[in-house]
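# Descriptive structure summary
Residue strings, one per chain:
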Amino acid sequence: MGCPRRLLLVSNSTLHGGGYLGHCQQHIQSFLGEKVKRVLFVPYALHDRDAYARTAREKFASLGYELDSIHESCDPVEAVRKSEAIFIGGGNTFRLLKALYDNRLIQEIRKRVLEDGIPYMGSSAGTNVATVSINTTNDMPIVYPPSLKALGLVPFNINPHYLDPDVKSTHMGETREERIRQYHEEPNTPPVLGLREGTMLLVEGDKATLQGVTGARLFLRGKKPTEHEPGTDFSFLLIDSNFQ
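Note that residues are indexed from 1 along each chain, following the sequence as it is written. Reporting in this predicted model follows two pLDDT cut-offs: at least 70 for local features of residues, and 80 or more for side-chain atom pairs to be given and counted; totals over whole chains, interfaces and linings ignore these cut-offs and use all residues. To obtain the side-chain values, all non-hydrogen atoms of the structure were used and water was disregarded.

## Notes on the pattern of salt bridges
Note on definitions: salt bridges are taken to be side-chain nitrogens of Lys or Arg within 4 Å of carboxyl oxygens of Asp or Glu. Summed over all chains, the structure comprises 14 salt bridges. Note that Asp68 and Arg38 form a salt bridge whose closest N and O atoms lie 2.7 Å from each other. Note that Asp68 is positioned in strand E3 (residues 66-69) and Arg38 in strand E2 (residues 38-42), a separation of 30 residues in sequence. The classification of residues rests on relative accessible area computed with a 1.4 Å probe and restricted to protein chains. Under 20% of the type maximum is buried, over 50% is exposed, and intermediate values are partly exposed. When its relative accessible area of 31% is taken as the criterion, Asp68 is described as partly exposed. In this structure, Glu108 and Arg81 form a salt bridge, with 3.0 Å as the shortest nitrogen-oxygen distance. Here Arg81 lies in helix H3 (residues 76-82) and Glu108 lies in helix H5 (residues 106-115), a separation of 27 residues in the sequence. For helices the rule is a DSSP run of H or I covering at least 4 residues; for strands it is a run of E covering at least 2, with both sets numbered from the N terminus onward.

Here it is, written out as structure tokens:
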């Protein structure tokens, strides 16, 4: 029997020209379906959790779902244990992961998603923490989590908001591709999926499919990166032994 996990890993919350989660709202409704009535929101990636929760609550209400924010609960662990679905929003990935560790939620979320099969949705930082580690985040380490190891809901890493090099730019800093290549210079580093804004990865059990309006760039250690369009089957990334 395969893993019951159901994940929707979104590159970004807001696409240029649209509103909060507007570009992926149909994907969200399809993903959560009619069985889910309430979503547990994790706003730890931003400082103003109250404002963040209001934004998320308004959006999910417009989609037909009630939303509870975990920061309003006196017992975050129990909130996870009772949740029907989990949505972790974007912001600073280091702040987010530290809060997940501080509130003893890493193993609780893993159990609910990987064993109990409740839907997990992440955007940006929330997508980062769903992977092996946050080593390929774009964020500054404004706080220090006890480990860079994340939830490990999938056996690879993701780089949200992936940016292609601008050939006309005079900027001399590293490109995103160069930074990911530096990561892969270290031994035993997993694949990195660069998700451009407007793209998301849907994982249902042992099947992973690229969705959205833009493409993705896949980086494998020791190999040239490859381009992939929406609809690409990335199920092979879910088999950890492929990259040992």
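## Quick word on unusual backbone geometry
Non-glycine residue Arg104 carries a positive phi angle of around 55°. On the accessibility criterion, Arg104 (62% relative accessible area) is exposed. The phi dihedral of Asn188 falls on the positive side, at around 60°, and the residue is not glycine. Secondary-structure assignment places Asn188 in the loop between helix H7 (176-184) and strand E7 (192-195). Asn188 sits in the exposed class, given a relative accessible area of 78%.

## Focus: helix H4 (residues 93-102)
Every buried residue of H4 is listed here: Thr93, Phe94, Leu96, Leu97, Ala99 and Leu100. Of the surrounding elements, those touching the buried residues of H4 are E2, helix H2 (49-62), strand E4 (86-88), H5 and helix H6 (125-128). Distance and chemistry together define a polar contact, namely a pair of N or O atoms within 3.5 Å, with one atom able to donate a hydrogen and the other to accept it when in protein, and with adjacent residues in sequence counting only for side-chain atoms on both sides. Residue Asn92 occupies the N-cap position of H4, its side-chain oxygen lying 3.0 Å from the main-chain nitrogen of Phe94. The first or second residue beyond H4 is Arg104, which carries a positive phi of 55°. Every residue pair with non-hydrogen atoms within 4.5 Å of one another is taken to be in contact.

## Notes on the sheet that holds E2
For two strands to pair, DSSP has to find at least two bridges joining them. In space, the seven strands of this open sheet follow the order E3-E2-E4-E5-E1-E8-E9, with mixed pairing throughout. The strands lining the two open edges of the sheet, one partner per strand, are E3 and strand E9 (207-212). Across the sheet, the mean angle from the axis of one strand to that of its neighbour is 20°, orientation sign disregarded. As judged from the three bridges shared by E4 and strand E5 (residues 119-123), these two strands associate in the parallel manner. Across the sheet, residue Ile86 finds its bridge partner in E5, namely Tyr120. Here, axes are lines fitted to C-alpha atoms. For helices the fit covers the stretch in contact, and angles between N-to-C directions go from 0 to 180 degrees.

## Focus on the sheet that holds strand E10 (residues 216-219)
Strands pair in a sheet through their backbones, by hydrogen bonds, and they do so in one of two ways: parallel or antiparallel. Read from one edge of the open sheet, four strands run E6-E7-E10-E11, paired in mixed fashion. Edge positions in the sheet fall to strand E6 (157-159) and strand E11 (226-228), since each has one partner strand and no second. The mean angle between the axes of side-by-side strands here comes to 25°, regardless of whether they run parallel or antiparallel. Against the sheet, H7 engages E6, E7 and E10, with an angle of about 25° to E10.

## Re H2
Multiply 1.5 Å by the residue count of a helix minus one, and that product is the helix's expected span. Between its first and last C-alpha atoms H2 spans 20 Å; for 14 residues at 1.5 Å apiece the expected length is 20 Å, and the two agree. Residues of H2 that are buried: Tyr52, Ala53, Ala56, Lys59 and Phe60. Down the axis of H2, the sector holding all buried residues measures 130°, keeping them to one side. Exposed positions of H2 whose direction lies more than 90 degrees from the buried face are Glu58 and Ser62. Along its buried surface, H2 packs onto helix H1 (25-32), E2, E3, E4 and E5. Once H2 ends, the next one or two residues include Gly64, with phi positive near 100°. When we speak of the arc, we mean the arc of directions from the helix axis to the C-beta atoms.

As far as function goes, none of this settles anything; it's purely spatial.
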